[in-house]
Amino acid sequence: MVESKSSWKAWLYLSPALVLLLIFTVWPIINTVRMAFLENYSGLEAIGGRSFSIGIANFTKVISYKKFLDCLKTTVLLCVITVPVSSILALLIAVCLNSIKPLSRMLQTIFFLPYVTNSIAIGMVFAAMFNIIGNNIGSENEIITTAGIINNIIEFFGGHAVNWINAGSTYAANMTVMIIYIVWNALPFKILILLGGLQSINKQYYEAAKVDGTSRKRIFARITVPLLSPMIAYVVITGFIGGFKEYSSIVGVFGKTMGPAGADKRLNTMVGYIYDSLSLNRQGLASAAALILFAIILLVTLVNLYVSKKKVHY
Amino acid sequence: MKIDENITMHQQDMQKVSVRQKVVKILVQVALYAFLILMAIIVLFPFYWMINSSLKTLDEYRLSVPTFWPHVVMWENYVNAFNTANLGRLFFNTMYVGIVSTILSLVITVLSAFAFARLEFKGKNILFAGLLATMMIPGELFTITNYGTVSAWGWLDSYRVLIVPFLVSVFYIYLLRQNFLQIPNELYLAAKVDGTSDLKYLWKVMIPLALPTLISITILKMMGAWNSYVWPNLVTRKEKYRLITNGLRNAFTETTGDVNYPQQMAAVALVSIPLFLVFIFLRKYIMKGVSRSGIKG
Amino acid sequence: MKKRCFVLMLLFLMTLVFAGCGKKKAMPNFEVPEGGYDGSAVTITFYHTMGTNLRTVLTSYIEEFNKIYPNITVVEEQVGSYDDVRTTISTEITEGNQPNIAYCYPDHVALYNLAGAVATLDNLINSTEKDGDGILGLTQEQKDDFIEGYYAEGQQFGDGLMYTLPFSKSTEVLYYNKTFFEANGLTVPKTWDEMEALCKKIKSIDPNSIPLGYDSSANWFITMCEQLGSPYTSAEGDHYLFNNKTNRDFVKKYREWYKNGYVTTQDIYGSYTSGLFVSTDTVKSYMSIGSSAGATHQRPTKVDGAYPFEVGIATIPQVNPEKPKVISQGPSVCIFKKENPQEVVASWLLVKYLTTSTEFQAEFSIASGYVPVLKSVMENEVFASHLAKGDGGDYIAALSTKICMEQESAYYTSPAFNGSSTARDQVNALLNKAFTTDGDDIDKVIEKIFKDAIEECEYNG
C-alpha cells in the first residue's frame, strides 16, 4: 500500500541528488572506464593527436608492477588495523563525553578544536614528534641532534630510543607511526559523528534503565551500542572506504617519497600509485589502478554490509 | 539480641557496600576524566603546534631542534598575515560559498536520506549500493572530466563552479540515512495513519530528531569550503572568486619557492577564529540533543 | 582497377602525411605573422609562483612595458607552487584554456609538449620583422648577453629547438663557517679530494661535528655525472643511462664519507642541513652545500646584535677546477600556442622585455636573491653597488649572487623529457639508499640499488 504510492515520491525526492551525481560523478566514472581500456592513454598526448588502441594493457601493466603487491599490502594492513582501533576509541570517548557533567563543555570544545587546525600543521607536528635528527643512526659514528619527543618519553621511562621514521628504520616502526597518525587523524571526525548519534537516542531509554538499576556496562552493551549501531556501521564502513584510499597521511609524515630516506616508496599505497601515474599524465594506468582498487573496496564493503545487516539494529 | 546484632551487622554491611559503591563510582569518574583529559591533550597537540609555529621566526622554525615555545614571539606574523593576503575578500568568498553550498547541500541530503530510510521503491537497495560504490573511486580521477564539463558550460570563474559540483555527497546522504534509521519506524507509520504528509513529518519529526547529525554535516561541509584547494585553484583565476586556502597558500611563498610556514600558520589561525566561534555556538545544539519529551520512542 | 588506383593514391597521400609528420618534429611550430605585432588589443596571462614582494617588482615593470605597448593587457597570476602551476596548466591544456606565459622547469615543458602545446621560440628569436625602433627578434648583442648555460637550457628537449628563455636562476654554492676556517687555518676546498682531506681534518678538530651537509642528494648525483663526464640521462633514445661503472664508483666513495661521518644529506639528517650549519649547539656542520637563492637560511641568528660566526661562500668542489660544472636551477618561462598568433607575439614581447631588460633583471635579483640571466647586469650601477656590499652577514644574499656571477661559464642543465623528474627522484633515492644500506659485498649492494633505480625509471618512463 505504502509502496506504490511512495515510489514516485521517492524518485522525486532523489531527483536533485541523482541529476547532479549523473553529471559530476557518474559521467567521470564512465570516462574513467573508457580511459582504463585505452592502452597507455594520456590526456595530453590525446590532445597532441595520438590515438590509442583498445585493450587491457593498462591492467596488466598495473598488476605486473614489481611493487604492486607491496602497495596492496600496506594499504590493507593500514586499513585493517586503523579502522577498528579508531572506531572503538572514538566510541569510548563519545560515550564518556556524553556521560560526564562537570568540565563537559570545556572538554567538548577541546575535541572540536582539531576541526579548525590546519592540515599542514597536523603533518608537521607528527614529523617533529617522531623524527630523530642526526647522522649514521645505529652505527659507531652515530651523531644525534635530537631524538624527538616520543623517544625522550621512552628514554625517560628507561626504554631505548627507536628509529621511527628516519634512514635505516624498519617497516614495522614506520607502520606503527602511520597507524598512530591515522587513528589520531580519524578520531575527531568519528567522535563528532558518534556524539551526534548518541544525542539522537531517546533519553527515556536511559531513564527507564536507571529506574531498573541496570549497571553501566549493561546499559552500554544493551542500549547504547544497539541503538547507536547504524552510526557505528557508518563509521566502520566509511572508515574502510577511506582507509583503502589512504595517501595524504603518509605524505604528511614521510613527504612525497612515501618512505624513510633510503627506502623511498616503501609505504606507497594504491592511491599513491594512482597519483604518481597522474603526475606523469598517464591517465590510462591511473584509471586501471583505480578500477582495481574499486573492485577490492567493493568486495570489502559488500562483506561489511552483509555483516552489518545481521548485526545492526534498525 | 541476636536478631538485633544481625540487623546491625546487616546495616554495617549495607554501609560498607554503599561506601564501596561510592568509591567505585568515584574511581570510575576519575578514570573517565583521566582518559578524556589524556585524549584531549593528544587531540589538542597539533592545534598547539599550529599556534606555536605561527609565533616563530622563519629561522627558528627551520632549526634542527624544534622549540616548544618561540624564543622571540613574533606577533608581527599576524600583522603581516593580515596585511599580505587580501583576507577580507577571501573570507567573504569562503563564507559565501560555504553557506550557500551548505544550505543547498542540506536540502538535497535530507530529501535523499529520507527516501532511502523511509520510502519503499523498486531498486532502492541496488541504487543505494550503487551510490556507495561511487565513494570508492579516488576523486582525483574525476577532476579532469569535471573540469571539461564546467569549462564547456562556460562556468569557469564564477561562484557556481565552486558550489554546484560538490552539492551532493553520498557520504552525508549515507550518514543521515543511518541517523534516520535510528528513529523508530513506528513513528512514521503512526504519522501515516494520522494522515500527516511526508514533508510535514520530515520537518516536524525527523529533522528535529536528527538535528545533531545535521549540525555535524554543516560543520563538515563548512570545513570543506575552508580546506578545499585543488578544485578552486583550477577553476578560478580571478581574485574576485578566490577562496581562503588558495589565497593563503599562495601569499606566503618565499622567493625560493618555499612556503613561509610561520606566517602561513598565523594567517590560518587568524581566519579560523570566526569559524571556531561558530563551532562553539553550534556545539550547544549538538550536545543539547533530543531532550524533547513529546516524542515517544 | 579504380579501387586499386584509389588504394595507391591513399598510400601515396599517407606517405606524404607521414613524411610531413617526420619532418615537422624538427621544424619550429610557430611562424611569426607578417609584420610582427600589429598593435591590436590582446590580453595575455602569465602564471608564476612569485611571492608578494616579487609581484610588486613585476607589476612595476609591466607598467613600463605598457608604456611601449599600451594595447597589450597583461594579467599576472600567482598560481601557487611550481607543482600547482604544472598540474593546473596540464589540465587547462585539455580544454585549450592554458595561459599565454608560464614559469616552468624543463620537465614541465616536456609534459606540456605531449600535447604539443608549447610554442617554439626559434622563429621569434630570429625574426627580423620591425618592432618599434628595433626588431621583433633578439639582436646578436642580446643573444650574447645571456649567460650561456642558462640560455642553453631552452634547447634541452632533444629536437634542437628552443622552447624556453631563462627568467631568473639559482645554483648550488658551498657555504662555510669562515670564522672556524680562519681560526683553524683551513682552506676552502676546490676539489672533491681536498674536500675529503678537509672533512677528515675537521672531524679530528671537532669529533662531534658532521663537517659537510649536502642539501640535495639528487643534485649531488647529477652534478657528479656532469663533472665526471659520465652519462646520466638522454632526451632521445634510451633515456636512463646512469647505471655505469663511473657512477657506481663515486657513489661507493661517498658512501665511505658518509660511513666515516664526514657528510650528511637533508633526507638522511631528517631536517634542514642549513639548520645544522647555522646551529650553535654541540652538533653542527662547518660546510653546507645548498641553493644560492637560500643564502639567508645559511646565516646564523644574531646573538646580542652580532652574528655568532661569519659565513663564507665559494664555488662547490670540482673534479677538474679548470673546467667547473655547477647545476642551473630556477624558473624559465615558456609561451603557449594560441589560435590568435598576435597573442603569441605579444607574449613574446613581454618575455623578451623581462628577460633582456638589465634594469628588471637587476631589481628582480636584488629582491629575490636569484641570479640574473644577463651578463650586462653586472654593469648596472644599482646592482654593482648591491654586490659590492656582499658580506658573510647582513648582505649574504648579495655575496651569494656575486659568487654565482663569477662562475657564469660553469652552468649546465640536464636533458628534459617526460620522465626526467622520475630520473631525478630515483637518483635522489639511490644515493640515500646506497649510503644507508649495509651488506657483506658492498659492490653487489650498490649494483642492485642502481639496477632497481633503472627498472623503476623504465617502468614509469
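Residues numbered from 1 in each chain as written. Chains lettered and ligands numbered in written order. Predicted model: local features only at pLDDT ≥ 70, side-chain atom pairs only at ≥ 80, totals over all residues.

What to know about the overall build of chain B
Now for step 1: Assigned secondary structure in chain B consists of 14 helices and zero strands.
Now for step 2: The secondary structure elements of chain B, listed N-terminal to C-terminal, are α-α-α-α-α-α-α-α-α-α-α-α-α-α.
Now for step 3: Partitioning the intrachain contacts of chain B with sequence separation of at least 6 by distance along the chain shows that 75% fall at a separation of at least 24. (Helix = DSSP H or I, 4+ residues; strand = E, 2+ residues; numbered from the N terminus. Contact = placed C-beta atoms within 7 Å.)

Focus on the overall build of chain C
Now for step 1: Within chain C, the regular secondary structure consists of 19 helices and 14 strands.
Now for step 2: Here chain C has a C-alpha radius of gyration of 25 Å; the compact-globule value for 461 residues is 23 Å, and the two agree.
Now for step 3: The 461 residues of chain C split such that 52% are buried.
Now for step 4: Considering only residue pairs separated by 6 or more positions, chain C has 74% of its internal contacts joining residues 24 or more positions apart. (Rg over C-alpha atoms; globule rule 2.2 N^0.38 Å. Buried ≥ 20, exposed ≤ 12 C-beta atoms within 10 Å, placed from the backbone.)

Let's talk about the packing of helix α9 (residues 203–212) of chain A against helix α10 (residues 216–244) of chain A
Residues and elements named next belong to chain A.
Now for step 1: Across the interface, α9 lies against α10 with an axial gap of 11 Å and an inter-helix angle of 170°. Considering their axes alone, α9 and α10 lie roughly antiparallel with respect to each other. Residues Tyr-205, Tyr-206 and Ala-209 of α9 touch α10, and the partners they reach there are Ile-219, Ile-223 and Leu-227.
Now for step 2: Residue composition of the contact of α9 with α10, grouped by class: six nonpolar, no polar and no charged. (Axes fitted to C-alpha atoms, helices over the stretch in contact; angles between N-to-C directions. Parallel < 35°, antiparallel > 145°, perpendicular 65-115°, else oblique. Nonpolar A, V, L, I, M, F, W, Y, C, P; charged D, E, K, R; others polar.)

Focus: the sheet that holds strand β9 (residues 263–265) of chain C
Residue and element names in this part refer to chain C.
Now for step 1: With respect to topology, five strands assemble into an open sheet ordered β9-β8-β10-β7-β11, the strand pairing being mixed. Since the sheet does not close on itself, it has two edges, and those belong to β9 and β11 (311–314), each with one partner. Put simply, the sheet's adjacent strands are angled 25° from each other on average, direction ignored.
Now for step 2: When strand β8 (residues 212–214) meets β9, the two strands line up parallel, connected through three bridges. Each residue of the ladder has a partner; that of Tyr-214, found in β9, is Thr-265.
Now for step 3: Lying over the sheet, helix α17 (residues 396–406) contacts β7 (172–177) and β11, oriented at roughly 20° with respect to β11. (Pairing = 2+ DSSP bridges.)

Overview of the interface of chain A and chain B
Now for step 1: Chain A puts 81 residues into the contact, and the matching count from chain B is 74 residues.
Now for step 2: It is helix α1 (residues 2–36) of chain A that provides the largest number of residues to the side of chain A that touches chain B, a total of 21 residues.
Now for step 3: For the side of chain A that touches chain B, the class distribution of residues is 55 nonpolar, 22 polar and four charged.

Things to note about helix α10 (residues 217–228) of chain C
Residues and elements named next belong to chain C.
Now for step 1: For α10, spanning 12 residues, the distance from its first C-alpha to its last is 17 Å, which sits close to the expected 16 Å at 1.5 Å a residue.
Now for step 2: When you tally the buried positions in α10, you get 10 out of 12 residues, the bulk of the element.
Now for step 3: Taken from the residues just after α10, Gly-229 is the one with a positive phi, measuring 70°. (Expected span 1.5 Å × (residues − 1).)

Here we look at the nonpolar core
Now for step 1: One finds Leu-194 and Ala-289 of chain A together with Phe-114 of chain B to be the most contacted residues of the largest nonpolar core, which totals 146 residues.
Now for step 2: Broken down by element, this core gets its largest block of residues, 15 residues, from helix α8 (residues 171–199) of chain A. (Core = buried A, V, L, I, M, F, W, Y, C linked by C-beta atoms within 7 Å.)

Thoughts on the environment of Ser-376 of chain C
All names here are of chain C.
Now for step 1: By the element assignment, Ser-376 lies in the loop between α15 (358–368) and α16 (381–388).
Now for step 2: Note on Ser-376: 17 C-beta atoms within 10 Å, which makes it partly exposed.
Now for step 3: Considering only alpha carbons, one finds Ser-376 and Ile-68, 308 residues apart in sequence, at a separation of 22 Å.
Now for step 4: Once residues lying within four places of it in the same chain are set aside, the contact partners of Ser-376 are Asp-145 and Thr-358.

Observations regarding the domain arrangement of chain C
Residues and elements named next belong to chain C.
Now for step 1: Taken domain by domain, chain C holds domain 1 (39–169 + 329–388) and domain 2 (172–327 + 418–460).
Now for step 2: Each of domain 1 and domain 2 was reduced to a C-alpha centroid, and the two centroids are 32 Å apart.
Now for step 3: Between domain 1 and domain 2, the residue contacts involve 14 residues of the former and 10 residues of the latter.
Now for step 4: For the side of domain 1 that touches domain 2, the leading source of residues is helix α4 (residues 106–112), giving four residues.
Now for step 5: The class makeup of the residues in the side of domain 1 that touches domain 2 is seven nonpolar, six polar and one charged. (Domains from an automatic or database assignment.)

Section: the pairing of strand β3 (residues 101–104) of chain C
All names here are of chain C.
Now for step 1: Because side chains alternate across β3, one face comprises the buried residues Ile-101 and Tyr-103, and the other comprises Ala-102 and Cys-104, equally buried.
Now for step 2: With two bridges joining them, strand β1 (residues 42–48) and β3 adopt parallel strand pairing. Residue Tyr-47 lies in a different strand from β3, and its bridge partner there is Ala-102.
Now for step 3: Summarising the sheet, β3 and strand β13 (residues 332–335) pair through four bridges and their orientation is antiparallel. By the bridge assignment, Ala-102 is partnered in β13 with Cys-334.

Details of helix α8 (residues 170–182) of chain B
All names here are of chain B.
Now for step 1: The end-to-end C-alpha distance of α8, which contains 13 residues, comes to 18 Å, matching closely the 18 Å that a straight helix rising 1.5 Å per residue would cover.
Now for step 2: Counting buried positions over the 13 residues of α8 gives 12, a clear majority of the element.
Now for step 3: Every buried residue belonging to α8 is among Val-170, Tyr-172, Ile-173, Tyr-174, Leu-175, Leu-176, Arg-177, Gln-178, Asn-179, Phe-180, Leu-181 and Gln-182, and all of these are buried.

Focus on the sheet that holds β3 of chain C
Residues and elements named next belong to chain C.
Now for step 1: Spatially, five strands are ordered β2-β1-β3-β13-β6 in an open sheet, and the strand pairing comes out mixed. Each end of this open sheet is capped by a strand with a single partner; those strands are β2 (72–78) and β6 (164–166). Pairwise comparison of adjacent strand axes, ignoring direction, gives a mean angle of 25° for this sheet.
Now for step 2: Against the sheet, helix α14 (residues 341–356) makes contact with β1, β2, β3, β6 and β13, and its axis sits at roughly 50° relative to β1, the strand it touches most.

Thoughts on the confidence of the model for chain C
Residues and elements named next belong to chain C.
Now for step 1: In the predicted model, chain C carries a mean pLDDT of 91, and 94% of its residues have values of at least 70.
Now for step 2: Contacts for the low-pLDDT stretch residues 13–24, under 50 throughout, to residues beyond four places or in other chains number zero contacts.
Now for step 3: What the predictor reports for the complex is a pTM of 0.88 with an ipTM of 0.87. (pLDDT = per-residue confidence, 0-100.)

Considering the environment of Glu-363 of chain C
Residue and element names in this part refer to chain C.
Now for step 1: Secondary-structure assignment places Glu-363 in helix α15.
Now for step 2: Residue class for Glu-363 comes out buried when judged on the 22 C-beta atoms lying within 10 Å of it.
Now for step 3: For Glu-363 and Ser-209, which are 154 residues apart along the polypeptide, the C-alpha to C-alpha distance reads 39 Å.

Quick look at the interface of chain B and chain C
Now for step 1: In this assembly, 21 residues from chain B lie in contact with 29 residues from chain C.
Now for step 2: Among the elements of the structure, α6 (142–152), α12 (230–235) and α13 (244–251) of chain B are those that each provide at least two residues to the side of chain B that touches chain C.
Now for step 3: The dominant element in the side of chain B that touches chain C, judged by the number of residues it contributes, is α6 of chain B, at five residues.
Now for step 4: Residues of the side of chain B that touches chain C, tallied by class, amount to five nonpolar, 11 polar and five charged.

Quick look at the packing of helix α4 (residues 87–118) of chain B against helix α11 (residues 211–227) of chain B
Describing two packed helices takes the angle between their axes plus the distance from one axis to the other.
All names here are of chain B.
Now for step 1: Between α4 and α11, the least distance of the axes is 9 Å, while the angle of their chain directions is 140°. Between α4 and α11, the crossing angle belongs to the class labelled oblique. Remark: the crossing between α4 and α11 carries right-handed chirality. Residues Thr-94, Val-97, Gly-98, Ser-101, Thr-102, Ser-105, Leu-106 and Thr-109 of α4 lie in contact with α11, whose contacting residues are Leu-214, Ile-217, Thr-218, Lys-221, Met-222, Ala-225 and Trp-226.
Now for step 2: By residue class, the composition of the contact of α4 with α11 is seven nonpolar, seven polar and one charged. (Left-handed = near helix turned anticlockwise from the far one by under 90°.)

A word on the environment of Ile-182 of chain A
Residue and element names in this part refer to chain A.
Now for step 1: Counting through the fold element by element, Ile-182 comes out in helix α8.
Now for step 2: When the C-alpha positions of Ile-182 and Ser-53 are compared, they lie 41 Å apart, and in sequence the two are 129 residues distant.
Now for step 3: Every residue in contact with Ile-182, bar those within four places of it in the chain, is listed here: Leu-78, Thr-82, Glu-246 and Ser-249.

Re unusual backbone geometry
Now for step 1: The phi dihedral of Met-258 of chain A is positive, around 55°, even though this residue is not glycine.
Now for step 2: One can find Met-258 of chain A in the loop between α11 (248–254) and α12 (270–279).
Now for step 3: Judged by C-beta crowding, with 23 C-beta atoms within 10 Å, Met-258 of chain A ranks as buried.
Now for step 4: In the Ramachandran plot, Asp-304 of chain C falls in the positive-phi region, its phi being about 50° despite a non-glycine side chain.
Now for step 5: Along the polypeptide, Asp-304 of chain C turns up in the loop between β10 (287–291) and β11.

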